[in-house]
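Structural description and commentary
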Amino acid sequence: MTIGDAVFAWLGAGALLAAVLPRVVAGRPLSLPLVFLGGGIGVYLLPLPLPVIDPVDDRLMAEHITEICVIIALMGAGLALNRPVGWRRWAATWRLLGVTMPLTVVFTALTAWWLLDWPPAAALLLAAVLAPTDPVLASEVRVGEPSEDEHDEDDVRFSLTSEAGLNDGLAFPLTYAAVALVAAAGGGWSADWVGGWALKDLVLKSGIGLLSGWLIGRLLGWLFFQTRSKALRLSEHREGFVALAATFLAYGVTELLHGYGFLAVFVTACSIRAEERAHGFHNVLHDFVEQVERLFTAVLLFLVGGFIALGGLDSLTWQGMVAGLLLLFVIRPLSGWAGLLGSRMRSSERWVTAVYGIRGIGSLYYLAYALGQHRFPVPARELWAVVTFTVLASIVLHGVTAGPVVKRLDRLRETTPPSI
């Protein structure tokens, strides 16, 4: 038996399990991501002919696999949201992006600088790559299938899903800031890079991502629902793979225009929903994307488990472990609570939203990407160890507790009136 044969066998088994396990683990304090992560660890501890998983040596491969997984998840998140975009309707989302995310980045960077004794550029990089959240890894805290009722989503699930859809793109300027800072440090300390970074990486690329995503979404929405040609009105044919076409088109075109493709994919999905909210074609698109997303996530988490089993955490120090746990148990919850102060959420809803800022695939992508842009003054394996440990801890913590916590929150919501 060759390594290739084993890979095909495990891919087949993984795809089958991705279809079966959601029903098996439903209602239990056990998440699908945790099962695949643990499966990867267990399988790679066995004496089997499996390929070596090393994102440090195979950085480009790790970057592209995680990249595909993230953009598919962003399309799924955007298609699932029922509320039209608006200042009041998305008030909690703007708070999480405008207050919680910056606070989380600042305090994570300070923790890395103080506790790990990392240089400022490396500390900022760690904060940037751990900034994105990912409710895909705990399905209980994300919205369900699309519906025509914009009030069908509770504030907690909506806020966490919409936050993840947008902060995956907004983490890019922070990553570029870390790259610019380490480049400036290598040539003598200077703040000359700040102006160029703010104009190009923060404003221009974000603007291109938003505008490109909106235009492509409007165009595809018209093609799906409004065109007079029945042959071109794709909603009449109910082919779910069109969602992948929309995903890759929005991402590729925006990246060619030097904008943020992650941002564009999510905005494209929201624009398609806005074109015709009540059409059943949205469910067809969402269901197809969700299946592909589940498969990619299962494979990727299996590989992450393999990386851990092969010694991916060998470079982890106790300081790195504490830094990851501080992010999950202290920094994100308190930053989330601060961001949501004054919102219309109940106190219990604020705490759940604040705590369940799950770290996942986006963090792995940003780390792989940043390490391909410049050499940082911290060993790559140590960076990977800290980020991987944080993702692992988040999957365990949030995956096990999300189900019971959200069920209790739903019961409280049914029995107590809302308080402002």
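Presented here is a report on the structure given in the accompanying data block. (Residues numbered from 1 in each chain as written. Predicted model: local features only at pLDDT ≥ 70, side-chain atom pairs only at ≥ 80, totals over all residues. Heavy atoms only, no water.)

**Comments concerning the overall build of the chain**
We apply this condition: We count a stretch as a helix when DSSP gives it H or I for four or more residues in a row; a strand needs E for two or more, and each element gets its number in order from the N terminus. The classification of residues rests on relative accessible area computed with a 1.4 Å probe and restricted to protein chains. Under 20% of the type maximum is buried, over 50% is exposed, and intermediate values are partly exposed.
Summing up its helical and strand segments, the chain has 14 helices and 0 strands in all. Looking at the chain as a whole, 54% of its 420 residues qualify as buried.

**Considerations on helix α13 (residues 361-373)**
Rules: Expected helix span is taken as 1.5 Å per residue step, with the number of steps being one fewer than the number of residues.
The end-to-end C-alpha separation of α13 is 19 Å, in line with the 18 Å expected for 13 residues at 1.5 Å each. By the criterion of burial, α13 is predominantly enclosed, with 11 of the 13 residues buried. Along α13, the residues that are buried comprise I361, G362, S363, L364, Y365, Y366, L367, A368, Y369, A370 and L371.

**Structural notes on the packing of helix α3 (residues 59-80) against α13**
To keep it simple, the criterion reads: All axes here are fitted lines through C-alpha atoms, helices being fitted over the stretch that makes contact, and every angle between N-to-C directions spans 0 to 180 degrees. When an angle is under 35 degrees it counts as roughly parallel; over 145 it counts as roughly antiparallel; between 65 and 115 it counts as roughly perpendicular; any other value is oblique. Here a crossing is taken to be left-handed if its near helix is turned anticlockwise relative to the far helix by less than a right angle, and right-handed if that turn runs clockwise. Pairs of residues are marked as contacts when any of their non-hydrogen atoms sit within 4.5 Å. Gly counts as polar in this scheme, as do all residues outside two lists: the nonpolar Ala, Val, Leu, Ile, Met, Phe, Trp, Tyr, Cys and Pro, and the charged Asp, Glu, Lys and Arg.
With their axes 8 Å apart at the nearest point, α3 and α13 run at an angle of 140° to one another. As far as their axial angle goes, α13 and α3 are oblique. With respect to the hand of their crossing, α3 and α13 are arranged in left-handed fashion. For the pair α3 and α13, the contacting residues are R59, A62, E63, T66, E67, C69 and V70 in the first and I361, G362, L364, Y365, A368, Y369, L371 and G372 in the second. Classifying every residue of the contact of α3 with α13 gives 9 nonpolar, 3 polar and 3 charged.

**Points about the packing of aromatic side chains**
Inclusion rule: Side-chain rings of Phe, Tyr and Trp, where Trp is taken by its six-membered ring, are said to pair if the distance between their centres is within 6.5 Å; with planes under 30 degrees apart they count as stacked, over 60 as edge-to-face, and otherwise as tilted.
Enumeration according to the criterion identifies 21 aromatic pairs in this entry. Centroid distance W87 to W94: 6.3 Å. Interplanar angle 15°. Geometry classified as stacked. Judged by its relative accessible area of 70%, W87 is exposed. Under the relative-accessibility criterion, W94 is labelled partly exposed at 25%. Here Y176 and Y369 contribute two aromatic rings whose centre-to-centre distance is 6.0 Å and whose plane-to-plane angle is 90°, an arrangement assigned as edge-to-face. Pair noted here: Y176 is in helix α6 (residues 155-186) and Y369 is in helix α13, with a separation of 193 residues, a long-range link. For the pair Y176 and Y369, a shared accessibility class is recorded, and that class is buried.

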